[in-house]
Amino acid sequence: MGGQCCKLSPCCSDSQFKAAAVVEASEAVGNEEIDYLPGFREFSFEQLKNATSGFAVENIVSEHGEKAPNVVYKGKLENQRRIAIKRFNAMAWPDARQFLEEARAVGQLRNRRLVNLLGCCCEDDERLLVAEYLPNETLAKHLFHWETQPMKWAMRLRVALHLAEALDHCTTKGRALYHDLHAYRILFDEDCNPRLSSFGLMKNSRDGKSYSTNLAFTPPEYLRTGRVTPESVVYSFGTLLVDLLSGKHIPPSHALDLIRDRNLQMLTDSCLEGRFSDVDGTELLRLAARCLQYELRERPSWKLLVAALSPLQKETEVPSHSLMGIRNSTSLSLTPLGEACSRKDLTAIHEILESIGYKDDEGVANELSFQMWTEEMKESLTFKKKGDFAFKQKDYRDAIDCYTQFIDAGTMVSPTLFARRSLSFLMADMAQEALSDAMQVQVISPVWYVASYLQAVALTGLGMENEAQVALKEGTNLEAQKNETCDQK
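By convention here, each chain's residues receive numbers from 1 onward along its written sequence. Only residues with pLDDT of at least 70 are given local features in this predicted model, and only at 80 or more are side-chain atom pairs given and counted; all residues enter the totals for whole chains, interfaces and linings. Water and hydrogen atoms play no part in the side-chain values, which are based on all heavy atoms of the structure.

### Some details on the pairing of strand β7 (residues 126-132)
When a residue's accessible area, from a 1.4 Å probe over protein chains only, is under 20% of the maximum for its type it is buried; when over 50% it is exposed; and in between it is partly exposed. A run of DSSP states H or I qualifies as a helix once it reaches four residues; a run of E qualifies as a strand once it reaches two. Both are numbered from the N-terminal end. Buried residues dominate β7, accounting for seven of its seven residues. As judged from the six bridges shared by strand β6 (residues 117-123) and β7, these two strands associate in the antiparallel manner. If you follow Cys 120 over to β7, its bridge partner there is Leu 129. Whether two strands pair depends on DSSP finding at least two bridges between them. Where β6 folds back on β7, the antiparallel hairpin that results is connected by two residues, among which Asp 124 adopts a positive phi of roughly 50 degrees.

### Here's the deal with the packing of aromatic side chains
For any pair of aromatic rings, the description consists of the separation of the ring centres together with the inter-plane angle of the planes. Put simply, two rings from Phe, Tyr or Trp (the six-membered ring, in Trp's case) pair if the centres are within 6.5 Å, and we call them stacked under 30 degrees between planes, edge-to-face over 60, tilted for the rest. The full count for this structure, using the stated rule, is nine aromatic pairs. Plain terms: the ring middles of Tyr 449 and Tyr 453 are 6.0 Å apart, the flat faces sit at 75 degrees to each other, and that makes the pair edge-to-face. Placement of the pair is Tyr 449 and Tyr 453 together in helix α20 (residues 449-461), with a separation of four residues, close to one helical turn. The exposure class of Tyr 453 is buried, given its relative accessible area of 1%. Taken together, Phe 45, Phe 55 and Tyr 73 form an aromatic cluster joined through their ring pairs. To sit over a ring, a charge needs its Lys NZ or Arg CZ within 6 Å of the ring centre and within 35 degrees of the ring normal. For Arg 87, the ring lying beneath its charged end belongs to Phe 55, and the centroid distance is 4.3 Å.

### Points about the environment of Tyr 449
Residue classification places Tyr 449 among the buried positions, given a relative accessible area of 9%. Along the sequence, Tyr 449 and Leu 472 sit 23 residues apart, while their C-alpha atoms lie 9.3 Å from each other. Excluding anything up to four places from it in sequence, Tyr 449 contacts Leu 337, Ile 356, Asp 360, Gly 475, Leu 478, Glu 479 and Lys 482. Here, two residues are considered to be in contact whenever any of their heavy atoms come within 4.5 Å of each other.

### Side note on the sheet that holds strand β8 (residues 186-188)
Two modes of strand pairing occur in sheets, parallel and antiparallel, and in both the strands are linked by backbone hydrogen bonds. Spatial ordering of the open sheet is given by β5-β9-β8, a layout of three strands whose pairing is mixed. The open sheet has two edge strands with one neighbour each: β5 (114-115) and β8. As paired elements, β5 and strand β9 (residues 194-197) share two bridges and run parallel to each other. Residue pairing for β9: Leu 114 is matched across the bridge by Leu 196. On the sheet, helix α5 (residues 153-172) packs against β5, β8 and β9 and is oriented at approximately 40 degrees with respect to β9. The angle between two axes is taken between their N-to-C directions and runs from 0 to 180 degrees, where each axis is a line fitted to C-alpha atoms and a helix contributes only its stretch in contact.

### With respect to the packing of helix α18 (residues 415-427) against helix α19 (residues 431-444)
For the pair α18 and α19, the least separation of the axes is 8 Å and the interaxial angle reads 165 degrees. When the interaxial angle is binned, α18 and α19 end up roughly antiparallel. You can see that α18 and α19 cross each other, and the crossing is left-handed. Contacts between α18 and α19 pair Pro 415, Phe 418, Ala 419, Arg 421, Ser 422, Phe 425 and Leu 426 from the former with Ala 431, Glu 433, Ala 434, Asp 437, Ala 438, Gln 440, Val 441 and Ile 444 from the latter. When residues are sorted by character, Ala, Val, Leu, Ile, Met, Phe, Trp, Tyr, Cys and Pro go into the nonpolar class, Asp, Glu, Lys and Arg into the charged class, and all the rest, Gly among them, into the polar class. Residue composition of the contact of α18 with α19, grouped by class: 10 nonpolar, two polar and three charged. Oblique is the label for every angle not falling under 35 degrees (roughly parallel), over 145 degrees (roughly antiparallel), or within 65 to 115 degrees (roughly perpendicular). Crossing handedness: left-handed means the near helix sits turned counterclockwise from the far one by under a right angle, and right-handed means the same turn made clockwise.

Have a look at this one:
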């Protein structure tokens, strides 16, 4: 590795940094503070348990690149804010004070280039971090495991710039260390803008090493000392630049050999052939080579990287969601149920829920028709039948009363029944009660799209338009996922 340190080909010259030095002292474009988020806070364990439906397996996500036993869940607070929750294993942070101090420090780094930390929980042996939830998956997904289209060149350059801006901001604010920087740590928000997960900014604890076990991608100084330095983060950024150009995870030593031989073709994603200039590709390789230098002092600063990446940007007026080929919340392709919910057409929603019946109760319908009931159960079942009849006849007040008596009896938990009572509340202009029932549907059946759709209607009734749009998009995505699953069977 030492022989690859600095005597690379002329493509590694400092020419691109001369112009960059002129603006080195200027503030990076993306480093603007944000004020749309609530202040950092401490959550109770019960709050986060409720937000994740009891840490249901259906709510486990992999967007932050975490591995067991440190699991990340998606959740929803009572105010409808979507959140991501990282739950550490019991021995990760034995010192509660250290955990709280670290979490609060990271929580101060609010920036639109970060997946911002909203709070934490520290109760008994539980250690949890709460961050913004970003719905459009990771860079690894879009770069290495894409399904519909490869990531466009302009978007790859945008990812590189936004990431450099995020790390420049953190360094400026005194948090220069980032642990295990890789493509799973970069997520895309609702507008498909790339952002860096805040979880990697927490100082290393007992939850694992700072870098993965793949030694080929580990900074050489970490192998020598076991310590992360600010320059180590720059090195990892260099591996990401190679990822963006190649669409593959190429070991740095091999990448440097190809760079030294000026073998741009071998380093270029075949999906990008003819879609960018050799000049742009060479510029990106120059930056990658500088970041991957063996000697720490030869790696560039974040301000130099930001300044060098800024003039490379393409199609700057095109929104990220357009470059990614992903519809945003204002251009959803809605199903009949989604369309009815977006229009708040309660009559159409009623017809669809009536036609669906109880088939999405995942076995509850069969239990409800079981014959061996006690007398008390039979009486309770009568309330359900009366409620269903009233719902069909559009007698919503009677449906609410009958369903409530069935629910209060505690005989059976049915997501469909809560969905029907939620719609009945909407018909009675009782949006808050409708929202509570729609959220209960999601607790019982986290992946059933009807829950999100009903929440969207109720939130609109409560004047929470932004939250309603998020819920509508979530329902659309869940319904699409279910339809895809059904098509594959």
